[in-house]
Amino acid sequence: MTWQGSLLHIHIAPAASYEMEELAEAQLIAGRGVVGDRYYLGTGTYSPKPDVREVTLIEIEVLEAIANGEPKIPGFKGTLKPEDHRRNLTTRGVPLNHLVGKRFRVGETVLRAARMNFPCKYIEELLGMPGLYEGLLNRSGLNCSIEVGGIIRPGDPILPMDQ
């Protein structure tokens, strides 16, 4: 698989339902998460449930498609800003749906894609956007573990690694 993407935005929230805060840089800790984020702190909604969610990603292309009402089925159309989607990292040019089980670099860090993220109905209530759940099905992002930690910044390249 040949591709090269970039990191556009970094967001964290200290606890479930808190507004996401955009960062100019973030420290990723292997086996733990993004310093200051709800899952790093153990205060996320799903923190008590065992799963890999050390860092979560979503594609800006998904937000652009939703703004255009694509795909036509379910036809949900709405403006979802990078701070709205509740994922830590917003990417461009990264085929997230194809990375499950694979390793890739974000700046100086190495992530392993564990599973696709599932949207939850709560985001509709939180943002006041009925229909958003269906609009995010099968494109709600990627949950990853951090294998090699470090500092990341918007603009960092995102590159595949040899498997």
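Residues numbered from 1 in each chain as written. Predicted model: local features only at pLDDT ≥ 70, side-chain atom pairs only at ≥ 80, totals over all residues. Heavy atoms only, no water.

Caption draft 1: Inspection of the state of the cysteines at higher detail. Taken as a whole, this structure holds 0 disulfides when the rule is applied. Distance from the sulfur of Cys120, which forms no disulfide, to the nearest cysteine sulfur (Cys144) is 18 Å. You can call Cys120 partly exposed: its relative accessible area is 26%. (Disulfide = S-S within 2.5 Å. Buried < 20%, exposed > 50% of the residue type's maximum accessible area, 1.4 Å probe, protein only.)

Caption draft 2: Local environment of the packing of aromatic side chains. Applying the stated criterion to the full structure yields 0 aromatic pairs. Looking at Arg32, its charged tip hangs above the ring of Tyr40, at a distance of 3.9 Å from the centre. Geometry around Tyr39 places Arg53 over its ring, the cationic atom sitting 5.4 Å from the centre. (Phe/Tyr/Trp six-rings, centres within 6.5 Å; stacked < 30°, edge-to-face > 60°. Lys NZ or Arg CZ within 6 Å of the ring centre and 35° of its normal.)

Caption draft 3: Spatial organisation of the sheet that holds strand S4 (residues 33-34). The strand order across the open sheet formed by 3 strands is S4-S3-S10, and the pairing between neighbours is antiparallel. A strand with exactly one partner marks an edge of an open sheet, and here the two such strands are S4 and strand S10 (150-152). In terms of strand pairing, strand S3 (residues 26-29) meets S10 through 3 bridges, oriented antiparallel. When the sheet's bridge partners are listed, Ala26 is paired in S10 with Ile152. (Pairing = 2+ DSSP bridges. Helix = DSSP H or I, 4+ residues; strand = E, 2+ residues; numbered from the N terminus.)

Caption draft 4: How the structure looks around the nonpolar core. If you look at the biggest cluster of nonpolar residues, it comprises 24 residues, and the most contacted ones within it are Phe104 and Leu111. When contributions to this core are tallied by element, the ones reaching two or more residues are strand S1 (5-12), S3, strand S5 (55-59), strand S7 (103-106), strand S8 (109-116) and strand S9 (142-148). Leu111 has contacts with Leu28, Val55, Leu57, Lys102, Arg103, Phe104, Val106, Cys144, Ser145 and Ile146, leaving out every residue within four places of it along the chain. (Core = buried A, V, L, I, M, F, W, Y, C linked by side-chain atoms within 4.5 Å. Contact = heavy atoms within 4.5 Å.)

Caption draft 5: Summary view of helix H2 (residues 60-68). Every buried residue of H2 is accounted for by Ile60, Val62, Leu63, Ala65 and Ile66. Buried residues belonging to H2 abut S1, S5, strand S6 (89-92) and helix H4 (132-136).

Caption draft 6: Just the environment of Gly36, in detail. By the element assignment, Gly36 lies in the loop between S4 and helix H1 (38-41). With relative accessibility at 23%, the residue Gly36 sits in the partly exposed group. For the pair Gly36 and Ala15, spaced 21 residues apart in sequence, the C-alpha to C-alpha distance is 9.4 Å. If near-sequence neighbours (up to four positions away) are discounted, Gly36 is found in contact with Ile12, Ala13, Pro14 and Leu41.

Caption draft 7: Looking closely at the pairing of S6. Across 4 bridges, S1 lies against S6 in antiparallel orientation. Note that in S6 the partner of Leu7 across the bridge is Thr91. Here 3 bridges tie S5 to S6, and the two strands are oriented parallel to one another. Bridging across to S6, Leu57 finds its partner in Leu89. Handedness of the crossover is the feature at issue here: the chain leaves S5, passes through H2, returns alongside S6, and the resulting connection is right-handed. (Right-handed = clockwise from strand over helix to strand, strands pointing away.)

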